[in-house]
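Here's the letter readout for the chains.
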Amino acid sequence: MHVPDGFIDPPVSIAAGVVAVAGLGVCLRGARRELDERTAPLAGLVAAFVFAVQMLNFPVAAGTSGHLLGGALAAILVGPYTGALCVAVVLIVQGLFFADGGLTALGVNVTDMSIVGVVVGYVVFRLVVAVLPKTRFGVVAASAVGAFVAVPAAALMFVVFYAVGGTSDVPVGTVLTAMIGVHLLIGVGEAVITAMTVGSVLAVRPDLVRGARHLQKRLELRTPAAPVGAAHHGSTAQEA
Amino acid sequence: MGAGHAHRLYRPAASPVHRLSPQSKLVATVLFVFVVVSTPREAVWAFGLYAVLLAGVAAVARIPAPLVLRRMLVEVPFVLFAVLMPFLSQGERVDVLGLSLSVNGLWAAWNVLAKATLGVVCSILLAATTDLRALLVGLERLHMPQIMVQIMTFMVRYGDVIGDEMDRMRIARESRGFQGRDVRALPVVARSAGALFIRSYERGERVHLAMLSRGYTGTIPLRGEATTAAQWRTALALPAAALLTCITAWVLR
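Residues numbered from 1 in each chain as written. Chains lettered and ligands numbered in written order. Predicted model: local features only at pLDDT ≥ 70, side-chain atom pairs only at ≥ 80, totals over all residues. Heavy atoms only, no water.

## Side note on the overall build of chain A
This is how it is decided: Each helix is a run of DSSP H or I of at least 4 residues and each strand a run of E of at least 2, with the numbering of both proceeding from the N terminus. We call two residues in contact when some of their heavy atoms are within 4.5 Å. Note that accessible areas follow from Shrake-Rupley with a 1.4 Å probe, and for residues the cover is restricted to the protein chains shown.
Looking only at helices and strands, chain A features eight helices and two strands. Listed by position from the N terminus, the elements making up chain A come as α-α-β-β-α-α-α-α-α-α. Taking contacts inside chain A between residues at least 6 apart in sequence as the whole, the part at least 24 apart equals 74%. Of the roughly 10,100 Å² of accessible surface on chain A, a fraction of 69% belongs to carbon and sulfur atoms.

## Quick look at the pattern of salt bridges
Convention followed: Any carboxyl oxygen of Asp or Glu within 4 Å of a side-chain nitrogen of Lys or Arg constitutes a salt bridge here. Type-normalised accessible area, obtained with a 1.4 Å probe on protein chains alone, sets the label of each residue: buried when under 20%, exposed when over 50%, and partly exposed for intermediate values.
On inspection of all chains with the given rule, the structure shows ten salt bridges over all chains. Between Glu-202 of chain B and Arg-205 of chain A there is a salt bridge, with the nearest N and O atoms lying 2.2 Å from each other. Remark: Arg-205 of chain A occurs in the loop between helix 7 (172–204) and helix 8 (226–239) and Glu-202 of chain B occurs in helix 9 (residues 186–212); the pair is interchain, linking two chains. Across the salt bridge formed by Arg-168 of chain B and Glu-165 of chain B, the nearest N and O atoms sit 3.9 Å from each other. Within this pair, Arg-168 of chain B and its partner Glu-165 of chain B are both found in helix 8 (residues 146–175), separated by three residues, close to a single helical turn. Assessed through its relative accessible area of 49%, Arg-168 of chain B is described here as partly exposed. The class of Glu-165 of chain B is buried, set by a relative accessible area of 8%. Several salt bridges converge on common partners, so that one network encompasses Glu-165, Arg-168, Arg-199 and Arg-203 of chain B.

## Describing the interface of chain B and chain A
Many descriptions give the size of an interface as the accessible area lost when the pieces come together. Going by this rule: Here the quantity called buried area is the accessible surface, traced with a 1.4 Å probe, that two parts lose on coming together, added over both. Here a polar contact is taken to be a pair of N or O atoms separated by no more than 3.5 Å, where protein atoms must pair a possible hydrogen donor with a possible acceptor and residues adjacent in sequence count only if both atoms sit in side chains.
With 74 residues of chain B at the interface, the matching set in chain A holds 64 residues. Where chain B abuts chain A, roughly 5,900 Å² becomes buried across the two surfaces, and 81% of that area is made up of carbon and sulfur atoms. For chain B, the biggest contributors to the area lost against chain A are Met-155, Phe-197 and Tyr-201 of chain B; these three give 13% of the whole. The tally of links between chain B and chain A comes to one salt bridge. Across the chain B-chain A interface, the total number found is three residue pairs in polar contact (both at pLDDT 80 or more). Mapped by element, the contributors of at least two residues to the side of chain B that touches chain A are helix 2 (22–38), helix 5 (76–88), helix 6 (103–129), helix 7 (132–141), helix 8 and helix 9 of chain B. Per element, the largest residue contribution to the side of chain B that touches chain A is 19 residues, and it comes from helix 9 of chain B.

## Here we look at the domain arrangement of chain B
Threshold: Note that the domain bounds reflect an automated or database-derived domain assignment.
When its domains are assigned, chain B resolves into domain 1 (16–138 + 226–252) and domain 2 (144–212). Using only C-alpha atoms to locate each centre, domain 1 of chain B and domain 2 of chain B end up separated by 33 Å.

This is the structure we're talking about:
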């Protein structure tokens, strides 16, 4: 869904750029809270992971294949701020170095996929987690729902930009139907693979899934209950 | 990590374009693309002139045309999308080879194709004449927040490492007889993604510790050199020529 140059007119592109910069500012501050002084290397490596995982094709049906967008996945694994930041960094690098997505459309792309996709995906994830029982299955199911909703939400944001500043007069209704239809399908794939990935990380390193922190049991200090019995024993010895 | 560190997108040469500072090339690229996008779509000649300008840059930088054409494949999805526009748009229609097409849709398709193609070529030329690490230094020189530059640096630096790790996992899967043909392959792919995440995250932790032991305090000293006025003039000649074309196109409209 990388929007190219010339698709959205310049004023709306610039406005989207301002929104994206403001959103990234918030994400940077939030990411520092989530990762403290480890922000640069960890966010960088997670971004590299998102970049790699987007190249991981999975078969869909009839010979077609899809790939993961990874926004909701990153948010559930490392937290929403870092997740959005990592997706944005991936988009900037793709646009600037790999010619994937237009430079003038960078603001539109970052707002759609990084900010709206991650925020909606993560909020839905938290809501579902709160409703479901506090088990691993609950987190996995919530990941699926979050990822499923995130993809058409990002597509919807694109349609909003198109409605305001689209350069063609394909009716907004047609674009809306096409975009949402296609992205509901993509969302199903995203949901399945996000849930399974979160599940597999939960099984091996549950401490690395930020969205499952509430499942972690706090370590408690247990002292042996022996002294009580010892005192009792002492008194009986005296009687004898 | 033994062999050359230059990224595969970069095409080293000793041309005047390669010698320009990365920050001046970044500014020139972004300005040029914005000028292209602001040009009225009816001014077909203007887009031809932009293409000639870019061809000139490619010639000076000695970037062979086949390389640019091969990398342009990245925009194929949009070509397919643009092809649909004349069928979906409203308004006055014309018959072309027996197909009823919208005039506005044809213009819109041309608009996206021309502007997206010029944008893609511009990015390709930037990446081919500037090393990725130099571009990151350029971004920092242009006052992108340092933490952002650091994250991008780590992403670019370890992107290939993580990509290779994923490739080794694929080879391991396939050497055990795995074939990802249908939906039943999904759990295997997802487990690979999970393992890849754990490996990436743990690598990040190790990288951080390695940096701490080398005295990292959260900032990396500013690198690169300031751009001279002459370099700015050379680099900005491209967007300036484009802007002149764009203004002429608006006046003649």
